[in-house]
Amino acid sequence: MNYSVTNASTDDLPVIYSLFEEAILFQKENNYTGWKNYDKEFIKSDIQHQLLFKIMLGDDIVCIFSICFNDALIWREKEKNDAVYLHRIVLNRQFKGRKIFQEVLDWAIQFARKEKLKYVRMDTWAENEKIIAYYQRYGFSIIENYTTSGTEDLPVQHRNLNVVLLELNVQAVPDQTYVE
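Worth saying up front: this structure is predicted, and the values here are computed from it rather than measured. (Residues numbered from 1 in each chain as written. Predicted model: local features only at pLDDT ≥ 70, side-chain atom pairs only at ≥ 80, totals over all residues. Heavy atoms only, no water.)

**Q** Would you mind going over the pairing of strand E2 (residues 52-57) with me for this structure?
**A** Each regular strand displays side chains that alternate between the two surfaces of the sheet. Counting buried residues along E2, six of its six residues qualify, which places the element largely inside the surrounding structure. Residues Leu52, Lys54 and Met56 point to one face of E2 and Phe53, Ile55 and Leu57 to the other, with burial holding for every one of them. When E2 meets strand E3 (residues 60-68), the two strands line up antiparallel, connected through six bridges. Bridging across to E3, Leu52 finds its partner in Ser66. Count of turn residues in the E2/E3 antiparallel hairpin: two residues, of which Gly58 carries a positive phi of about 65°. (Buried < 20%, exposed > 50% of the residue type's maximum accessible area, 1.4 Å probe, protein only. Helix = DSSP H or I, 4+ residues; strand = E, 2+ residues; numbered from the N terminus. Pairing = 2+ DSSP bridges.)

**Q** Would you take a moment to explain unusual backbone geometry for this structure?
**A** Glycine aside, a negative phi is what most residues show, and trans is what most peptide bonds show. For Lys99, which is not a glycine, the phi torsion comes out positive at approximately 55°. The topology assignment puts Lys99 in the loop between strand E4 (83-91) and helix H4 (100-114). Notably, Lys116 is not glycine yet its phi reads approximately 60°, a positive angle. As for its position among the elements, Lys116 is in the loop between H4 and strand E5 (119-125).

**Q** Would you mind going over the pattern of salt bridges with me for this structure?
**A** Side chains that carry opposite charge are capable of pairing whenever their charged atoms lie near each other. In total, this model carries nine salt bridges according to the counting rule given. For Glu41, the salt bridge identified is with Lys44, shortest N-O distance 3.6 Å. Of this pair, Glu41 and Lys44 are both found in helix H2 (residues 40-48), three residues apart, which corresponds to roughly one turn of the helix. The exposed category is assigned to Glu41, whose relative accessible area is 52%. Residue classification places Lys44 among the partly exposed residues on the basis of a relative accessible area of 37%. In this structure, Glu77 and Lys78 form a salt bridge, with 3.0 Å as the shortest nitrogen-oxygen distance. The network of salt bridges with common partners includes Arg76, Glu77, Lys78 and Glu144. (Salt bridge = Lys/Arg side-chain N within 4 Å of Asp/Glu carboxyl O.)

**Q** Before we go on, may I ask you to explain the environment of Trp107 in this structure?
**A** By the element assignment, Trp107 lies in helix H4. Contact partners of Trp107, with chain neighbours within four places excluded, come to Val5, Phe53, Phe65 and Ile67. (Contact = heavy atoms within 4.5 Å.)

**Q** What am I meant to see in the side chain of Asn128 here?
**A** Looking at the element boundaries, Asn128 is found in the loop between E5 and helix H5 (129-137). Under the relative-accessibility criterion, Asn128 is labelled buried at 11%. Reaching out from Asn128, the side chain makes a polar contact with the backbone nitrogen of Ile131 at a distance of 3.1 Å. Residues in contact with Asn128, not counting those within four places in the same chain, are Tyr32 and Thr33. (Polar contact = N/O pair within 3.5 Å; in protein donor to acceptor, adjacent residues only side chain to side chain.)

Set out below in structure tokens:
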């Protein structure tokens, strides 16, 4: 497949909102620990700051994800400005089973290397063992469990949340696998 990764735009908002709503419904229907809602203002801000990306296949948005470069509210003393953080990864359910997360991860590893960052980091629900094991299959290590604060500096879906912090050491990934 010939996927492309590019910044999302405000024109994509209807599709982005729909993807979040479908993801929440899927999580509820399958009794997965997951989002109860999502913060449209954070999504708009991510777009404005060019931190929300979309994976495209032709005219279809296959997946969206956000990044940040500092996540001190969640990673606290571990934050050393040496990582790219993946957040709010949402798959278009029409593309289930195509290992789209590998596309997100390939992009993130290439980006980290280009920016001379050591890690790709993320967090996910500590109660969702299935998703944790999924990310571990891609090489992520568990760093710790943590309960986030209720600060308004976090998107509403990340407040007072029991999460597991996951990290991938970019240097441990073979170079030849991720050639630009």
